[in-house]
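If you want the building blocks of each chain, they are given just below.
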Amino acid sequence: MRKKYLFNQEQFQEACKSFLELINHMYEYIDLHMLSLHKKVKLTLAKHIKPIEAFEILKAEKAWQKNLTRKEDFYFSPSKTLNSFQYVFLDDPDLTKVNKYEAVVVKTSRDKYQAYVKLSKPIKPNEYKTIAKALINETKADKAVNDTFHLRRLVGFYNTKYNPPSLVIFYAKYSGKPYEIKHTPPTSRWKEAPIKKGGRVLEKCQPNRKTWWEFYSPTAPSFSEVDFAYACYLLKIGYEAEEVKSILREESPKLYERHRNVEDYLERTLKAALRRI
């Protein structure tokens, strides 16, 4: 694996440390996570730590070697103890819509980005989703990623979702104005994906679609809630109901242990998802 792509641990660690110093100004405390899509395992390495403290934890975990040899990916999420936010996280936005704002942008793979847009004032957790949806709608970002504690990729690691893996790098720091919050945007500003006649979503299936684990969050009420969110996402990008069921059978953890009648559960989940989208 070392022969296939560049690995310079010292440079990667320095890039990660610089990024954590940036994050230190966005979030007072974070949680640190490891996710292995290959093994379908997610671990929380640390909770309620200062962002800059994450660097020594990652070193002690030998995170860079594990990323390279075991295809383990490393993420952070804002700590669940936070009671205010001044940045909205956007996954895969249109950067031409983001660059007018004060924002930090990370490149996670070829033509894929994550952005942190600064708000004009701090907001409470119960205000976050509505404001995030308005920004997502404006910037054409991933509509499924609108919660407060979604996992964010760390700079200085390979994104092993792709083959060959793609290095996650700091991309840009835009110096526009913060996103102005004059009042809490109404839910009605949120637009659903365009739909064809007969209920089919206009968007086509994506070859590098997200996986179940990328919808999992430490704050998720249950695996069933993640199943539902993932099903909505798959339907929106063009998968048929039967295809979504097949994907859930393969990817949803311990599905046959959690449900006695899996087919009935999948049918109910898909019906609810189709009503939602």
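Each remark here, short or long, concerns the structure printed above.
Summary of the structure given here. (Residues numbered from 1 in each chain as written. Predicted model: local features only at pLDDT ≥ 70, side-chain atom pairs only at ≥ 80, totals over all residues. Heavy atoms only, no water.)

## Points about the overall build of the protein chain
Quick reminder of the rule: Secondary structure elements follow DSSP: runs of H or I of four or more residues count as helices, runs of E of two or more count as strands, with numbering from the N terminus. For each residue, the accessible area found with a 1.4 Å probe, counting protein chains only, is set against the maximum for its type, and the residue is called buried under 20%, exposed over 50%, and partly exposed in between. By the convention used here, residues are in contact when the closest approach between their heavy atoms is within 4.5 Å. Here the open area of atoms and residues is found with the Shrake-Rupley method and a 1.4 Å probe, where only the protein chains shown may cover a residue.
Across its full length, the protein chain carries 9 helices and 10 strands. Within the protein chain, the proportion of its 277 residues that are buried is 50%. Long-range pairs, those at least 24 residues apart, make up 71% of the contacts in the protein chain between residues at least 6 apart in sequence. Surface summary for the protein chain: the accessible area is close to 14,300 Å², and the carbon and sulfur share equals 48%.

## Examining the sheet that holds strand 3 (residues 73–78)
Spelled out, the test is: In this analysis, strands are considered paired if DSSP registers two or more bridges between them.
Taken in spatial order, the 4 strands make up an open sheet running 2-1-3-7, and their pairing is antiparallel. The sheet terminates laterally at strand 2 (41–49) and strand 7 (152–153), the two strands that pair on one side only. Taken together, the 2 bridges between strand 3 and strand 7 define a ladder with antiparallel strand orientation. Residue pairing in the sheet places phenylalanine 76 in a bridge with arginine 152 of strand 7.

## Focus on the pairing of strand 2
Where a strand is regular, its side chains alternate between the two sheet faces. In this sheet, strand 2 lies alongside strand 1 (residues 30–36) in antiparallel orientation, the contact comprising 6 bridges. Bridging from a neighbouring strand, leucine 32 pairs with alanine 46 of strand 2. Taking the residues that link successive antiparallel strands as the turn, the strand 1-strand 2 hairpin has 4 residues, and the phi of lysine 40 there is positive, at about 55 degrees.

## Brief notes about the pattern of salt bridges
As a reminder, the rule being used: A pair is scored as a salt bridge if a Lys or Arg side-chain nitrogen falls within 4 Å of a carboxyl oxygen belonging to Asp or Glu.
Throughout the structure, instances matching the rule amount to 16 salt bridges. With a shortest N-O distance of 2.7 Å, aspartate 73 and arginine 153 are connected by a salt bridge. With aspartate 73 in strand 3 and arginine 153 in strand 7, this residue pair connects regions lying 80 residues apart in the sequence. For aspartate 73, a relative accessible area of 1% puts it in the buried group. Taken together, the salt bridges that share partners define one network made up of Asp91, Asp142 and Lys210.

## Side note on the nonpolar core
Which entries qualify depends on this criterion: Note on terminology: a nonpolar core comprises buried Ala, Val, Leu, Ile, Met, Phe, Trp, Tyr and Cys residues joined through side-chain atoms within 4.5 Å.
Tyr27, Leu58, Leu90, Tyr116, Leu154 and Tyr179 are the most contacted members of the largest nonpolar core, which totals 57 residues. Residues Tyr216, Val226, Ala273 and Ile277 belong to the second largest nonpolar core, which totals 28 residues.

## Some thoughts on the side chain of aspartate 142
The line we're drawing: Pairs of N or O atoms within 3.5 Å make up the polar contacts considered here, provided that, within protein, one atom can donate a hydrogen while the other can accept it, and that residues adjacent in sequence are counted only when both atoms are side-chain atoms.
Here aspartate 142 shows up in the loop between helix 5 (125–139) and strand 7. Here lysine 210 takes part through its side chain, which lies 2.3 Å from a polar atom of the side chain of aspartate 142. Ignoring anything within four residues of it in the chain, the contact list for aspartate 142 reads Asp91, Asp92, Ile136, Lys210 and Tyr233.

## Describing the environment of leucine 248
Mapped onto the elements of the fold, leucine 248 is located in helix 7 (residues 241–251). Remark: the alpha-carbon pair of leucine 248 and tryptophan 212, spanning 36 residues in sequence, is separated by 7.9 Å. With residues up to four places along the chain from it excluded, the contact list for leucine 248 reads Trp212, Asp227, Tyr230, Ala231, Leu255, Leu266 and Leu270.

## Observations regarding the packing of aromatic side chains
Going by this rule: What counts as a ring pair is set by centres within 6.5 Å for rings of Phe, Tyr and Trp (its six-membered ring), and what kind of pair is set by the plane angle: stacked under 30 degrees, edge-to-face over 60, tilted for all other angles.
Within the structure shown, the criterion is met by 21 aromatic pairs. Note on phenylalanine 12 and tyrosine 158: the rings are 5.6 Å apart at their centroids and 75 degrees apart in plane angle, and the pair reads as edge-to-face. In this pair, phenylalanine 12 sits in helix 1 (residues 9–23) while tyrosine 158 sits in strand 8 (residues 158–159), placing the two residues 146 residues apart along the sequence. Accessibility classification places phenylalanine 12 together with tyrosine 158 in one group, the buried group. Centroid distance phenylalanine 85 to phenylalanine 149: 6.0 Å. Interplanar angle 70 degrees. Geometry classified as edge-to-face. Of the two residues, phenylalanine 85 sits in strand 4 (residues 85–91) while phenylalanine 149 sits in the loop between helix 5 and strand 7, which places them 64 residues apart along the sequence. Judged on exposure class, the residue phenylalanine 85 and its partner phenylalanine 149 are both buried.

## Focus: the sheet that holds strand 10 (residues 169–175)
Cut-off, in case you're wondering: Axis definition: a line fit to C-alpha positions, over the contact stretch in the case of helices; interaxial angles, taken between N-to-C directions, run 0 to 180 degrees.
Taken in spatial order, the 4 strands line up as 4-6-5-10 in an open sheet, and their pairing is antiparallel. The open sheet terminates on both sides in strands that have one partner only, identified here as strand 4 and strand 10. In this sheet, adjacent strand axes meet at a mean angle of 20 degrees when their direction is disregarded. Running at roughly 45 degrees to strand 4, helix 5 makes contact with strand 4 and strand 6 (112–123) of the sheet.

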